[in-house]
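Reading the structure
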Amino acid sequence: MVDSQLKEKVSFSRDTLDVYGDAHPKALLRSIYEEGDYLKSLESEHIVSSDQFNRNTLLQLFRLAAKYESNPERFSTPLKGKILISAFYEPSTRTRLSFESAWHRLGGDIMSITDRATTGIAKGESLSDVAEMFNNYGDCVVLRDSNESSVQEMMSSLRIPIINAGNGIDEHPTQALADLYTIFKWKPELLITPEKKIKIGIIGIPNKMRTVRSLLKLFTFFPDIFEEVVIIHDGTNESIFEKKQLEQLQNSGLNIKITTQFNRTLPTLDVIYINAIAWVGNDYESFGERFVMNNQSPLKKEAIILHPLARGEELETSLDETSHNWYFAQARGAVFLRMALLTCMCQRMERVMDVI
Ligand code: CP
């Protein structure tokens, strides 16, 4: 390839990255003052729910993620000598691979279980006994299990930290962390000039979708950045909130609005978060055909779309080539966010905090 062709290719890639939402983590890094002590609260902690966090810990976690993302080559071995037990008993593309990618990028080793039938569970072994064994073999567990209570059952005998990577319709806290991290990378100024609030629309069902439930919980720590949080649903579900769930959101100071007016609401939104899958029992329910977004949707020019993925009919590929596509950047950034969380949980912060 001649020089001029190479130059053109490189500049095209840069433009493409900018256009398609490869946000600037350095801007976020500069927007958050380093106060690493807040991250100590994550040392050896189990991560089960978004409720466990607070504003300062979240900001420092996002800062560390942005530090990793700004300089991915610089931090190669903070988890050297540590072993992750990656146990996924329900299908996953992003969560399992991004956790494993994060761990590898930090220099650790991994043992992976993708089918519970290959463990003693098939012989009737209790989760508590399996967890007792995990204590001997690894330093951290990531668990996805359709059964809501499995993570709690394992915690009863675990002495190493566990991360809930999705438990039925309950929670998926690290997805929510990645989602909020993306919003702050898109607009770091939200932390500096909070009077410039954003209006976010959530197309989903908060009491059935774990990603939505966990994300809304994280919003409660930042009510000042949202002008309005609009939940858009099609009115066919009896209830889209549990009573306590809605109370928690309203008590935090969030301005929650609920509507069935999809097309009328879309042009007013700065961020659209769309999800159409609820994992219920051993299968998923799809709500994707009811609200569909494509490159003809009436969006603000600057609006961004987030989606935890996997996508279905609700998010057409015609949007992939537009500046509204931040869902791919969201999935990419999840690796750095998980790197930050794992570093803290495994008590290896001192190996990265002083590196510029
Ligand atoms: N977002 C998410 O949980 O995707 P996976 O099901 O592919 O892990």
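Only a predicted model underlies this, so the values are computations on that prediction, with no experimental measurement involved.

Cut-offs applied
Residues numbered from 1 in each chain as written. Predicted model: local features only at pLDDT ≥ 70, side-chain atom pairs only at ≥ 80, totals over all residues. Heavy atoms only, no water. Helix = DSSP H or I, 4+ residues; strand = E, 2+ residues; numbered from the N terminus. Rg over C-alpha atoms; globule rule 2.2 N^0.38 Å. Contact = heavy atoms within 4.5 Å. Areas by Shrake-Rupley, 256 points an atom, 1.4 Å probe, with all protein chains shown as cover. Lys, Arg positive; Asp, Glu negative; His and termini not counted. Charge placed at Lys NZ, Arg CZ, Asp CG, Glu CD. Buried < 20%, exposed > 50% of the residue type's maximum accessible area, 1.4 Å probe, protein only. Salt bridge = Lys/Arg side-chain N within 4 Å of Asp/Glu carboxyl O. Phe/Tyr/Trp six-rings, centres within 6.5 Å; stacked < 30°, edge-to-face > 60°. Lys NZ or Arg CZ within 6 Å of the ring centre and 35° of its normal. Pairing = 2+ DSSP bridges. Axes fitted to C-alpha atoms, helices over the stretch in contact; angles between N-to-C directions. Core = buried A, V, L, I, M, F, W, Y, C linked by side-chain atoms within 4.5 Å.

**Some remarks on the overall build of the chain**
- Summing up its helical and strand segments, the chain has eleven helices and eleven strands in all.
- Against the 2.2 N^0.38 benchmark of 21 Å for 356 residues, the chain shows a C-alpha radius of gyration of 20 Å, consistent with a compact globule.
- With the principal axes as the frame, the chain shows a C-alpha extent of 60 × 55 × 40 Å.
- Sequence-distant contacts in the chain: of pairs separated by 6 or more residues, those separated by 24 or more amount to 75%.
- Carbon and sulfur atoms make up 48% of the accessible area of the chain, which totals about 15700 Å².
- Across the chain, the centroid of the 40 positively charged side chains sits 4 Å from that of the 48 negatively charged ones.

**A look at the environment of S214**
- You can see S214 is positioned in helix α8 (residues 210-219).
- What makes S214 buried here is its relative accessible area of 0%.
- A C-alpha to C-alpha distance of 8.1 Å links S214 and D51, two positions 163 residues apart in sequence.
- The residues touching S214, leaving out its near neighbours within four places in the chain, are S50, E171, H172, P173 and A176.

**Here we look at the pattern of salt bridges**
- Enumeration over the complete set of coordinates arrives at 21 salt bridges.
- For K40, the salt bridge identified is with D37, shortest N-O distance 3.3 Å.
- We classify D37 as exposed; its relative accessible area is 58%.
- The partner of D51 in a salt bridge is K217, and the shortest N-O contact between them spans 2.8 Å. Separated by 166 residues along the polypeptide, D51 in the loop between α2 (25-31) and α3 (55-70) and K217 in helix α8 bring together distant segments of the chain.

**Describing the packing of aromatic side chains**
- Counted according to the given criterion, the structure contains eight aromatic pairs.
- With a centroid separation of 5.1 Å and 75° between ring planes, the pair formed by Y327 and F328 is classed as edge-to-face.
- Among the residues examined, Y327 registers a relative accessible area of 0% and is labelled buried.
- Overall, F328 belongs to the partly exposed group, its relative accessible area being 36%.
- Within the aromatic cluster, the residues linked to one another by ring pairs are F62, Y181, F184 and F222.
- The aromatic ring of W186 is capped on one face by K187, whose charged end is 4.9 Å from the ring centroid.

**Brief notes about the sheet that holds strand β4 (residues 162-164)**
- The parallel open sheet is built from four strands, whose spatial order is β2-β1-β3-β4. Edge positions in the sheet fall to β2 (109-113) and β4, since each has one partner strand and no second. Direction aside, the axes of adjacent strands within the sheet are offset by 20° on average.
- Two strands pair when backbone bridges link them, and strand β1 (residues 83-88) and β2 are joined in this way by five bridges, in the parallel orientation. Bridging from a neighbouring strand, I85 pairs with M111 of β2.

**Some words on the nonpolar core**
- Ranked by size, the top nonpolar core spans 77 residues in total, and within it L61, I202, F219 and V229 carry the most contacts.
- Examining the composition of this core, we find that nine residues originate from one element, helix α11 (residues 327-345), more than from any other.
- Residues contacting V229, with those up to four places away along its chain left out, are I200, I202, L216, F219, L254, N255, I256 and K257.

It is worth stressing that arrangement in space is one thing and function is another; only the former is reported here.
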